[in-house]
Structures are given as structure tokens and as C-alpha cells.
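# Examining the three-dimensional arrangement
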Amino acid sequence: MNHVEKAIQTKAGIIICATKEMKETGRFDNAIGTYDKFLLHLTPLNNILTPLYK
């Protein structure tokens, strides 16, 4: 959590990512991440991210 006081504290977020096949079919450039890379980069952040439910 951020230690800056805010009027509204976000409770949830939505992440939209493409599969490798969708990225290739849609001819997206490398600025678009893939689902597989998202999972890879999310693993080390598991201890940092605040869980929605405890």
C-alpha cells in the first residue's frame, strides 16, 4: 500500500493482457506484454502486492 493519504483507496484492478498467439495474429509490437510474461513477472511480487481478501 502507498503511504500517501488519498480520498479514495483503490480496492481492485483489472489487467488485460494478450496471449502470445493473439499478439502475433494482431501484429502487436513489443510494447504489448503477454500473459506468460505477466505471470513470470508477477511471481516475485507476490509478497509485495496487497491481497484483496485476507
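The coordinates are above.
No experiment lies behind these values; they were computed from the predicted model shown.

Within the protein chain one finds two helices and zero strands. The buried share among the 54 residues of the protein chain stands at 6%. Surface accessibility of the protein chain: about 5600 Å² in total, with carbon and sulfur atoms responsible for 60%.

The next thing to look at is unusual backbone geometry. In the Ramachandran plot, arginine 27 falls in the positive-phi region, its phi being about 55° despite a non-glycine side chain. Its place among the elements puts arginine 27 in the loop between helix H1 (20-25) and helix H2 (35-42).

What follows deals with the environment of lysine 23. Position of lysine 23 among the secondary structure elements: in helix H1. Judged by relative accessible area, lysine 23 falls into the buried class, the value being 16%. Each C-alpha atom of the pair lysine 23 and glycine 33 lies 8.5 Å from the other, and the pair is 10 residues apart in sequence. Once residues within four sequence positions are removed from consideration, lysine 23 is found in contact with Ala18, Phe28, Asp29, Asn30, Ile32 and Thr34.

What follows is about the side chain of threonine 34. Following the sequence through the fold, threonine 34 ends up in the loop between H1 and H2. Residues contacting threonine 34, with those up to four places away along its chain left out, are Cys17, Ala18, Thr19, Lys20 and Lys23.

Among the surface-exposed residues, Met22, Phe28 and Ile32 lie close enough to one another that they form a single nonpolar patch of about 270 Å² accessible area. By the secondary structure assignment, isoleucine 32 is in the loop between H1 and H2. Accessibility expressed as a relative area gives 33% for isoleucine 32, which makes it partly exposed.

Reading the values: the criteria
- Numbering of residues starts from 1 in every chain and runs along the sequence as written.
- Whole-chain, interface and lining totals are the exception, using all residues; otherwise, since this is a predicted model, local features are given only for residues with pLDDT of at least 70 and side-chain atom pairs are given and counted only at 80 or more.
- Excluding hydrogens and water, the side-chain values take into account all heavy atoms of the structure.
- A run of H or I in DSSP counts as a helix once it spans at least four residues, and a run of E counts as a strand once it spans at least two, with each numbered from the N terminus.
- When accessible area is computed with a 1.4 Å probe and restricted to protein chains, residues below 20% of their type maximum are described as buried, those above 50% as exposed, and intermediate ones as partly exposed.
- Computed with a 1.4 Å probe, the accessible areas rest on the Shrake-Rupley method; for each residue, only the protein chains presented here act as cover.
- By definition, residues are in contact when any of their heavy atoms lie within 4.5 Å.
- A residue counts toward a patch only above 30% relative accessible area and without a salt bridge, and it is joined to like-charged neighbours within 9 Å or, for Val, Leu, Ile, Met, Phe, Trp and Tyr, to nonpolar neighbours within 5 Å.
- When a carboxyl oxygen of Asp or Glu lies within 4 Å of a side-chain nitrogen of Lys or Arg, that pair is called a salt bridge.

Don't take any of this as a statement about function, it's just geometry.
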